[in-house]
Structure formats: structure tokens, C-alpha cells
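Here is what each chain is made of, one letter per residue.
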Amino acid sequence: MKTKTSAAETLPLNTILSGDCIEAMNSLPEASVDLIFADPPYNLQLRGDLHRPDNSKVDAVDNDWDQFSSFKAYDDFTRAWLKAARRLLKPNGAIWVIGSYHNIFRVGAALQDQGFWILNDVVWRKSNPMPNFRGKRFTNAHETMIWAGKDESSKYTFNYEALKALNEGIQMRSDWVLPICNGHERLKDEHGDKAHPTQKPVSLLHRVLVGSTNPGDVVLDPFFGTGTTGAVAKMLGRDWIGIEREEAYRKVATKRIADTRKFDSEALQTTTSKRAEPRVPFGQLVERGMLRPGENLYSMNNRHKAKVRADGTLIGDDVKGSIHQVGAALEGAPSCNGWTYWCYKKEGKRVPIDVLRQQIRAEMQN
């Protein structure tokens, strides 16, 4: 317990660290970070300038930080920062790495070699991608993110119900259609040019952090850029640490995050899994007199009824057992959720028994 407290106290929370990301990560306490979001150099291997059909120059990635002398040099760099990142993660920590076809396959292999356990690859499909101006390849309309646990046994955070709620009640898929940065979201420097060539949209980081972190978690971004990770983490009540070697990016990120407001605590609450809620046995409803032995329950489809017994089981049509077993037997189904299948009568109206379970859960949480 003392180790955890000491690590938390020495972490430079909500701070942008300058310098080399590997050196900076190695200076931080081991097993102190819940999640890492990494947007490393893509090693785009551009050959000369890129122009639009009207001969205007495309503001592409041609910065020194994206230049590597060979694939071996890039692989060595990748292995080094991933090793430093894995040391920082808590036992149940996880990492997201985003990249393009230029680098993501090499990064994926390095992740597995380092001992990370890949959970998903997520395709970010851009709803407004940049066209392929040379007309010699398909329009590059997506990037790939790899989500991985620290190792195979990690009990990583996955807020399934929250992501489902974000997606209008439908299970979130691994292909995300989101726009690239443009308009008011695109940060500009003092000359009116893009502050960063590969600025990631807030919507992307919002989905990542809502889905794989909880309020109070520590999120590290070793390639901080203009601070999208930090800004979204601050809004969502997560602590963050950024590492960025370029002074110009640090300057933009510092101002951006200072201007960002945290959501209020009530707004930060997200939908939790039913499995995470306190377990309430059906028998407890009988023990507390909320349902009485001998009282009839009725199926929601109005086809069946069963009688409550003193031990919290039901009997109906010579079938005996739990609320789930009896419901399944009466319906001839392999399984049944008795909490949503059965209801009782109150003042002539049918009320789902799950209402009584939720009353007990509410008491348990107060």
C-alpha cells in the first residue's frame, strides 16, 4: 500500500514533460500508469513534396521527428519506447497505439514480442479523408489502432455498457467512423498554419478514454503533440502525463489544456455493466416480505404463471426451481433471465420483479 502511495506522490500528474520520451518514461515510477495512448512517428517515407491537382503544396508530414534512416532504426526505436512503456503500466494496465500502413504492422509485431497481449485492432475510418492526389493508389481513408493489455492475465478496464450507450444501445464495433480534425478543432500556430500535421480529433480520444479508463485513472501519452490526450483526459476527470520533445507543440498544448474545463462529477458517471452491480438473490425479496410465499408471478408475455415458495424458488406446471430455471422450462428455452421474465400484480397492474431488485440495490449503495 505504501508503494502505491509513494508512486502516486512522485508522478508528475497533469504535466507536460520535455525531452526524449524513452528517457522521460524511464524516470517515472514503475507500475504507476493505468493507460498509455501512443501516437508514435509513422515513418511515412515520403519522397519529395506532394502537390494537389492545382499545383498547390500539401501540408504533409515532413518533420524531422518522422524521419528514420532505415526500417531497422525505426524498429529499434519502437522496441525501446515499448519496453519503457510496459515498465510503467500497472499489472492491469493497457496501451493503445495508433498508426498507418507505414508502421502499424511493425509496431504490432513489436508489441507481441515485448509481451503485450493484443485485445483488438480498431479501424478508425475517416469520414472526410484527404484524397490521393497522385491518383496512383486508393484514398488512404483509415488508420489502425491496436489495443493491448500489459500481458495475457491483465484484468484491463473495458466499459462495455458505456460504449454501448455511446452507440445508441448497440454493441460498439471495432470500426469507428469519425472525422479528422478540421474547422474550429484544428489548432493553428501564430502564422495561421497547422500547429501539428497529425492532430488527432477529440472524438477519437473521448471514445478511447470512456471505453478503457475510469475517473481518477492515470493516462500517459509519450508522443503528446498538441495535447489532445491531455485535454480529453482533463475533461473526463482522468489524470494525465504528457511527454513532448518539440517546444512549439508543448506551447500549444499547454495553452489548450489550460483553456479546457473539466466536466462536473455527475456528468462523468458512465453506464456500468449489470454484472458489476451488487448481486441480489431472488430469495431476499421473499425474506424481506416484498413478495410473499404463495403469491403468483406472471410471465411478461402473459402465457405462464408460477407460485412463489418460502425458499425463494418457484413452482409452475409441475416445474420447480429458480426464477430462471422455471421460466426457461415453461418457455421450452435453453435459458431465461427470470428478472426480466416475471412480474407480480400490484393494484391490478403488472410490475416487473426487477423493480424490487433495483430498490434493494439502491439501498445497498446508500
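Residues numbered from 1 in each chain as written. Predicted model: local features only at pLDDT ≥ 70, side-chain atom pairs only at ≥ 80, totals over all residues. Heavy atoms only, no water.

Rules: UniProt positions are given in the numbering used here, feature names are shortened, and annotations may be inferred rather than shown by experiment.
Under an unreviewed UniProt entry, the name given to the protein chain is Methyltransferase, and the source organism is Sulfitobacter albidus. In its Sequence similarities (unreviewed entry) section, the UniProt entry covering the protein chain states "Belongs to the N(4)/N(6)-methyltransferase family." The Catalytic activity (unreviewed entry) field of the UniProt record for the protein chain holds the comment "a 2'-deoxyadenosine in DNA + S-adenosyl-L-methionine = an N(6)-methyl-2'-deoxyadenosine in DNA + S-adenosyl-L-homocysteine + H(+)".

### Concerning the sheet that holds strand S14 (residues 349-352)
What counts is decided by this rule: Following DSSP output, two strands are said to pair if at least two bridges run between them. Only DSSP runs of H or I with at least four residues qualify as helices, and only runs of E with at least two residues qualify as strands; both kinds are numbered from the N terminus onward. Angles shown run from 0 to 180 degrees and are taken between the N-to-C directions of axes, each axis being a line fitted to C-alpha atoms and, for helices, limited to the stretch in contact. The contact definition used throughout considers only heavy atoms, calling two residues in contact when any of these lie within 4.5 Å.
What the six strands build is an open sheet, ordered S12-S11-S10-S9-S13-S14; its pairing is antiparallel. Where the open sheet ends on each side, the last strands, each with one partner, are strand S12 (319-321) and S14. Recorded for the sheet is a direction-independent mean angle of 35 degrees between the axes of neighbouring strands. The pairing of strand S10 (residues 305-308) with strand S11 (residues 314-316) spans two bridges and is antiparallel. Residue Lys307 lies in a different strand from S11, and its bridge partner there is Ile315. Most of the contacts of helix H10 (residues 323-331) go to S12, to which it runs at about 155 degrees, and overall it touches S10, S11, S12 and strand S13 (342-346).

### A few points about the nonpolar core
To be explicit about the condition: By nonpolar core we mean a set of buried residues, namely Ala, Val, Leu, Ile, Met, Phe, Trp, Tyr and Cys, connected to one another through side-chain atoms within 4.5 Å. Here the term buried applies to any residue with accessible area under 20% of the maximum for its type, exposed to any over 50%, and partly exposed to those in between, with areas from a 1.4 Å probe on protein chains only.
Counting residues in each nonpolar core, the largest one holds 33 residues, and the members touching the most others are Trp96, Met145, Trp176, Leu204, Val208 and Leu209. For this core, the element with the most residues is helix H6 (residues 202-212), which contributes five residues. If you look at the next biggest cluster of nonpolar residues, it comprises 32 residues, including Met25, Ile36, Ala38 and Phe77.

### Regarding the sheet that holds strand S4 (residues 117-126)
Each strand in a sheet pairs with another by means of backbone hydrogen bonds, the pair being arranged parallel or else antiparallel. The eight strands lie next to each other as S1-S8-S7-S2-S3-S5-S4-S6, forming an open sheet whose pairing is mixed. Single-partner strands in this sheet number two, and they are strand S1 (15-18) and strand S6 (175-178). Recorded for the sheet is a direction-independent mean angle of 20 degrees between the axes of neighbouring strands. Judged from the four bridges that link them, S4 and S6 form a sheet pairing that is parallel. Paired with Arg125 across the strands is Val177, a residue of S6. Where helix H3 (residues 71-88) meets the sheet, its contacts fall on strand S2 (33-38), strand S3 (89-99) and strand S7 (218-221), and the angle it forms with S3 comes to roughly 145 degrees. Against the sheet, helix H8 (residues 247-258) makes contact with S1 and strand S8 (239-244), and its axis sits at roughly 175 degrees relative to S1, the strand it touches most.

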